[in-house]
Number of protein chains: 2
Amino acid sequence: MASDSLPEKKRISESTIHRLSLYYRALSVLEKEGFETVSSKGLAKREKLTPAQVRKDLSFFGSFGTRGLGYPVVELREKISQILGIDRSWRVALVGVGNIGSALVSYKEFQKQGFKIVKLFDNDQRKIGSNHKGIVVSDIKNLANELELDNIEMVVVAVPATVAQYVVDDIVKAGIKAILNFAPVNLKVPDDVFLRNENMSMELEYLSFALVNDHIPKRVR
Amino acid sequence: MASDSLPEKKRISESTIHRLSLYYRALSVLEKEGFETVSSKGLAKREKLTPAQVRKDLSFFGSFGTRGLGYPVVELREKISQILGIDRSWRVALVGVGNIGSALVSYKEFQKQGFKIVKLFDNDQRKIGSNHKGIVVSDIKNLANELELDNIEMVVVAVPATVAQYVVDDIVKAGIKAILNFAPVNLKVPDDVFLRNENMSMELEYLSFALVNDHIPKRVR
DNA sequence: TCAAATATGTGAAATGCTTCACAAGAAAAT
DNA sequence: ATTTTCTTGTGAAGCATTTCACATATTTGA
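Conventions adopted
- Residues numbered from 1 in each chain as written.
- Chains lettered and ligands numbered in written order.
- Predicted model: local features only at pLDDT ≥ 70, side-chain atom pairs only at ≥ 80, totals over all residues.
- Heavy atoms only, no water.
- Buried < 20%, exposed > 50% of the residue type's maximum accessible area, 1.4 Å probe, protein only.
- Helix = DSSP H or I, 4+ residues; strand = E, 2+ residues; numbered from the N terminus.
- Arc of directions from axis to C-beta.
- Contact = heavy atoms within 4.5 Å.
- Buried area = accessible area lost by both parts, 1.4 Å probe.
- Salt bridge = Lys/Arg side-chain N within 4 Å of Asp/Glu carboxyl O.
- Polar contact = N/O pair within 3.5 Å; in protein donor to acceptor, adjacent residues only side chain to side chain.
- Nonpolar A, V, L, I, M, F, W, Y, C, P; charged D, E, K, R; others polar.
- Pairing = 2+ DSSP bridges.
- Axes fitted to C-alpha atoms, helices over the stretch in contact; angles between N-to-C directions.
- Left-handed = near helix turned anticlockwise from the far one by under 90°.
- Near = heavy atom within 4 Å.

Draft legend 1. Summary view of helix α3 (residues 51-59) of chain B. Residues and elements named next belong to chain B. Among the residues of α3, those classed as buried are V54, D57 and L58. All buried residues of α3 project into a common sector of 95 degrees when viewed along the axis, lining one side. Looking at the buried positions of α3, the neighbouring elements they touch are α1 (14-32), α2 (40-46), β2 (71-72) and α4 (73-84).

Draft legend 2. Here's a closer look at the interface of chain A and chain B. Listed as interface residues are 70 residues of chain A and, on the opposing side, 70 residues of chain B. Around 7200 Å² of area is buried between chain A and chain B when both sides are counted, 61% of it from carbon and sulfur atoms. Between B:E203 and A:R196 there is a salt bridge; the shortest N-O distance is 2.5 Å. At the boundary of chain A and chain B, one finds 26 residue pairs in polar contact (both at pLDDT 80 or more). Sort the elements by how many residues they give to the side of chain A that touches chain B and helix α9 (residues 200-213) of chain A lands first, with 14 residues. Here the residues of the side of chain A that touches chain B sort into 37 nonpolar, 13 polar and 20 charged.

Draft legend 3. Focus on the pattern of salt bridges. Taken as a whole and assessed by the stated rule, the structure comprises 28 salt bridges over all chains. Between A:D150 and A:K119 there is a salt bridge, with its nearest N and O atoms 3.2 Å apart. A residue pair is termed long-range when its members are at least 10 positions apart, and A:D150 in the loop between α7 (143-149) and β7 (154-157) and A:K119 in strand β4 (residues 115-122) qualify at 31 residues. Overall, A:D150 belongs to the partly exposed group, its relative accessible area being 25%. Close ionic contact of B:K177 with B:D192 constitutes a salt bridge, the shortest N to O distance being 2.9 Å.

Draft legend 4. Structural view of the sheet that holds β7(A). Residue and element names in this part refer to chain A. Sheet architecture is open: 7 strands sit in the order β5-β6-β4-β3-β7-β8-β9, paired in mixed fashion. Where the open sheet ends on each side, the last strands, each with one partner, are β5 (131-132) and β9 (194-197). Pairing between strand β3 (residues 90-95) and β7: 4 bridges, direction parallel. Each residue of the ladder has a partner; that of V95, found in β7, is V157.

Draft legend 5. Structural view of the packing of α9(A) against α1(B). Here α9(A) crosses α1(B) at 115 degrees, and the two axes come no closer than 10 Å. Handedness of the α9(A)/α1(B) crossing: right-handed. Two secondary-structure elements touch here, α9(A) through A:M202, A:E203, A:E205, A:Y206 and A:F209 and α1(B) through B:E14, B:I17, B:H18, B:S21 and B:L22. The residue makeup of the contact of α9(A) with α1(B), split by class, is 5 nonpolar, 2 polar and 3 charged.

Draft legend 6. Local environment of the protein's contact with DNA strand C. The local shell around DNA strand C holds 25 residues, among which A:R67, B:S40, B:R55, B:G68 and B:Y71 are the closest. Put simply, 62% of the atoms of DNA strand C that lie within 4 Å of the protein are in sugar or phosphate. Taking A:R19, its side chain carries an N or O atom lying 3.0 Å from a phosphate oxygen of DNA strand C. Within the side chain of B:S40, an N or O atom sits 2.6 Å from a phosphate oxygen of DNA strand C. At the level of elements, α3 (51-59) of chain A together with α3 of chain B are the ones that each hand at least two residues to the surface near DNA strand C. Residue composition of the surface near DNA strand C, grouped by class: 4 nonpolar, 13 polar and 8 charged.

By themselves, these are just geometric observations and shouldn't be taken as functional.
Set out below in structure tokens:
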């Protein structure tokens, strides 16, 4: 009988993905430092995790190590970059060239990881047409159109909370499936659109809670 | 016999604290919109959570609701602000007046929640002495000293990854117990210092992973 | 006043995530 | 060549978090 069951798509936890980012970072440093291999123990220590956790995380995606030796640094870094999809570059647009927005345009870390901000949008006439790091700011009126024309794959939203939903509605209309939102508001998007929120106050609030309650944190996220 | 057992300090999970931030935000909006009460269901809907989760989270800290009616908006917002320790203002210093640092100085959300940036530090002679939003940038050389003199309670680190550890060592020397780090590096601090990391690339990487793997996110953090 | 509807607070069940512990494989040492 | 050491990969156990389900309390409507 020919009926194969579909290959089970394992559910990978959010925490695991975030830790992959940490492993990637650590491996990049190890590579620069000239190490050829690293053990789960060594990797764990660099990011304040446990060796078991490292091994378990990696095991979801395959067997990359050699018993008795550890993991090959370069190879593992490359493998993780494939898993995360950062073994390529992404065309990113940024909406809202204010405080945060401007900072993000110049943020080296994004570029380094292949996230290329290639379009800027704002609704402020004084900003439209101005040049930020070689990119001319477009009028937000043409948002949906231009996102499509320019083959944008991800959009970063850095507009005031009050208008973020309208902006996101436009972005969704353009067929964009990945949005990173810096506005402190819960945005509604269809089920097939990936939305992540970056809430910078949250961690300060966590610190505040920790100080007031003399809370002992278990780990550092 | 007089030996009472110490009052058990329940361990509150990181997730619960982060959700308190969301509840706080939602309640602030509800208050502005004129609502006097809100149910766990209503609150959950605003932040894409479940009613049971809302009730469980709040139950760790007390009983704030009325059966058949819900929670009093103003009172609950105040209560949460007490729990999070944001029913007061915090004296915050920021080290590294670069892209991100400058943006954070002007970031309204921090001020709104009582996090007052009152000191700026940099090592760049061109920046030292310059004025950002009414604050004169100090020389990072005097970091430890000035932090103590000015009764700083939290420090935001927005320096390059390569120097972040040195900066943090100084901050720790000054007796600071709460640090928010924007540098993409794992910093070492003593056990009694609370360190949180804000890694802005991480969420983009998550989006990248989601697009490449057509991953269905369970919730939005 | 009473019934119906609403909504909390919370043990218990279910689910999810992390850590343990060890067999198995590979390298290093003798 | 053989033993010792090292380290992975992974079921299973342990722990933590979320969801369920319902007793209980309050409001609303008739």
